[in-house]
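Topology and contacts: notes
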Amino acid sequence: MRDKTSKPRCYKSYLDQIYDVFRSTGVTCNPQNSFALVTAQGICYNFFMEMKRANNTGAHCAQMVRSENRDDTNRKAVQTMKAVLIGNRERFEKFCPDTPFANAVEKVYLSLEQARAAGELSADVYGKETASADSRAAGECSADERIEGALSPEILTVRKLLTEARDAEFLAADAIAQVSESLIAQLPSLKIIHSEGVAYNGIDCGAAAKRNIYVCNNRGINADAVAEQTILLMLGLLRGVTAGDAAVRAGKQIQRKEYMMVNGIRELGECRVGLIGFGDIAKATARRLTAFGCEVCYHASHRKAPDLEAEYGVTWLETEELLKTCDIISLHIPVTPETTGMVNEEFLKKMRRGAFLINTSRGEIVENAALCKALTEGQIAGAGLDTVAPEPVAADHPLLHLPAEAEGRLLFSPHIGGVTTGVFRKAHRSIWTAFEQASRGERPVNVVNGI
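The structure contained in this document is the topic of the report that follows. (Residues numbered from 1 in each chain as written. Predicted model: local features only at pLDDT ≥ 70, side-chain atom pairs only at ≥ 80, totals over all residues. Heavy atoms only, no water.)

**Points about the side chain of Arg 91**
Stated formally: Strands are runs of DSSP state E lasting at least 2 residues, helices are runs of H or I lasting at least 4, and numbering of each runs from the N terminus. Any N or O atom pair separated by 3.5 Å or less is treated as a polar contact, with the protein-specific requirement of one donor-capable and one acceptor-capable atom, and with residues adjacent in sequence counted only for side-chain atom pairs. Working rule for contacts: check all heavy atoms of both residues, and any pair within 4.5 Å makes them a contact.
Summarising the element assignment, Arg 91 is placed in helix H4 (residues 89-95). Within polar-contact distance, the side chain of Arg 91 engages the side chain of Asp 174 at 2.9 Å. Other than its neighbours up to four places away in sequence, Arg 91 contacts Asp 174, Glu 196, Phe 424 and His 428.

**Overview of the sheet that holds strand S9 (residues 328-331)**
To summarise the sheet geometry, strands pair through backbone hydrogen bonds and adopt either a parallel or an antiparallel arrangement. For clarity, the threshold we go by: Strands pair, by our definition, only if DSSP identifies at least two bridges between them. Axes here mean lines fitted to C-alpha atoms, for a helix over just the part in contact, with angles spanning 0 to 180 degrees between N-to-C directions.
The seven strands are arranged S8-S7-S6-S9-S10-S11-S12 in an open sheet whose pairing can be described as parallel. Looking at which strands have only one partner, the edges of the open sheet turn out to be strand S8 (314-316) and strand S12 (410-412). Put simply, the sheet's adjacent strands are angled 20 degrees from each other on average, direction ignored. The strands that helix H11 (residues 223-238) touches are strand S6 (272-276), S9, strand S10 (356-359), strand S11 (382-385) and S12; relative to S10, the one it contacts most, it runs at about 150 degrees. Along the sheet face, helix H14 (residues 280-292) touches S6, strand S7 (295-299) and S8 and points at about 175 degrees away from the line of S6.

**Notes on the packing of H11 against H14**
Let me state the cut-off plainly: Angular relationships are summarised with four words: roughly parallel below 35 degrees, roughly antiparallel beyond 145, roughly perpendicular across 65 to 115, and oblique for the angles in between. Two helices that cross are described as forming a left-handed crossing if the nearer one is turned anticlockwise from the farther one by less than a right angle, and a right-handed crossing if clockwise.
Between H11 and H14, the least distance of the axes is 8 Å, while the angle of their chain directions is 50 degrees. Taken as axis vectors, H11 and H14 run oblique relative to one another. Regarding H11 and H14, the two cross each other, and that crossing is right-handed. Across the interface between the two elements, Ala 223, Asp 224, Val 226, Ala 227, Glu 228, Thr 230, Ile 231, Met 234 and Leu 235 of H11 pack against Asp 280, Ile 281, Ala 284, Thr 285, Arg 288, Leu 289 and Phe 292 of H14.

**Digging into the sheet that holds strand S1 (residues 82-86)**
Pairing is parallel across the open sheet formed by five strands, whose spatial order is S2-S1-S3-S4-S5. Unpaired on one side and paired on the other, strand S2 (106-110) and strand S5 (214-216) mark the two borders of the sheet. Averaged over all pairs of adjacent strands, the angle between strand axes in this sheet comes to 15 degrees, irrespective of strand direction. The pairing of strand S4 (residues 192-195) with S5 spans three bridges and is classified as parallel. Its bridge partner lying in S5, Ile 193 is registered against Val 215. Relative to the sheet, helix H8 (residues 153-165) contacts S1 and S2, its axis offset from that of S2 by approximately 155 degrees. Against the sheet, helix H20 (residues 421-439) contacts S1, S2, strand S3 (170-173) and S4, and its axis sits at roughly 170 degrees relative to S4.

**Remarks on a positive patch on the surface**
Applicable threshold: Exposure above 30% relative accessible area and the lack of any salt bridge qualify a residue for a patch; like charges then connect within 9 Å, and the nonpolar side chains Val, Leu, Ile, Met, Phe, Trp and Tyr within 5 Å. In this description, accessible areas are obtained by the Shrake-Rupley approach with a 1.4 Å probe, and a residue is regarded as covered only by the protein chains that are shown. Here, a salt bridge means any Lys or Arg side-chain nitrogen found within 4 Å of an Asp or Glu carboxyl oxygen. In this count, Lys and Arg are taken as positive residues and Asp and Glu as negative ones, while His and the chain termini are left out. Think of each charge as sitting on NZ of Lys, CZ of Arg, CG of Asp or CD of Glu. Remark: exposure states derive from per-residue accessible area (1.4 Å probe, protein chains only) relative to the maximum for the residue type, with buried under 20%, exposed over 50%, and partly exposed in between.
On the surface, Lys 94, Arg 425, Lys 426 and Arg 429 cluster together to form a positively charged patch. Broken down by element, the residue count for the positive patch peaks at three residues, all from H20. Looking at where Lys 426 falls in the secondary structure, it is placed in helix H20. Exposure remark for Lys 426: the relative accessible area of 39% places this residue in the partly exposed category.

Below, the structure written as structure tokens:
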């Protein structure tokens, strides 16, 4: 049995390593240099005494060293990985989680405009390369020279960024970013594409699936935040917030108050609200509406189980019945080929006269011309829109130029329903967790392209 005061077997090995450190600095370690010997022995002895007090043996020490070596190897491996981040760089940097993996991955940033240009660049550049090859055969300038001379500085910047990003394994994109087949083709090492939000209709899921690249989203992560925005738009329309604000600023507070008292103000709790779709956001909205005292109905392609309907206090109705009987219609469906342009002239005519339309889903679901007509003619009382297609909304968008009598029927918010600080913290943690899973060959959560 080893003496309780004896030193672990690896003590001498560590002592020799400390001696080597002294020698590397020019200090000799021999019986004549007692200072170096005593210092080295003291350092080593104190280290092992601390380990002993923590009930660790020499074997534990060796295990710690091996573990540190493995961690160092992992860090070096991660450092070779690269991610493309499409959207606002300041936002990506602010919400990037402080984890060893996220900190070690090299990042290449593209703005929304650069991503769009990158998606259009490939065919354009390759066409110029073919033309340049013919010119080179005729003794003219090189292909690179021809291409460089033909492209704008902005496109040259995009080409440089794509060159940096070529070996990227991960891509995260703003929910409204365009990630085209052409852009995906220029990233041959890509393993995963992750939407920063819930929407992913700007990502070519089919092109990604062909190469076994995961496409993921942050399903449900912004449900509470978007539900709050939905309620805000409902209340804003019912209370005439924009017109009231303008009246007070113009010194006409009393006149506006008298007008609203005569014409009437409906409370939200008096309204029957119809939800189109019943996913995470619709459920969060239903909970809040129930608290206001609303009668809440919904339509989804598949009716939910009775116990789920009871949990959220909702009633299922056919679409036509929902439109005909509800005071407020709120959209909670994704953009698909079937839902694009779903809110058209026929849909709006079926709505109860004097009802409100709320859209916190996607602008592509609503036909702009049809909505302009319904608002102008008074077919519906108003619309609250957190999202309008196309984005960004241009100054000449038809919804921004309604006749004066219809302007007050429209309430906008700048697509901020799901972009709270809390949502971004959760979303970016989710993104980097998925990246790390993909780096280990694991299947991440919330895969939306069927692979």
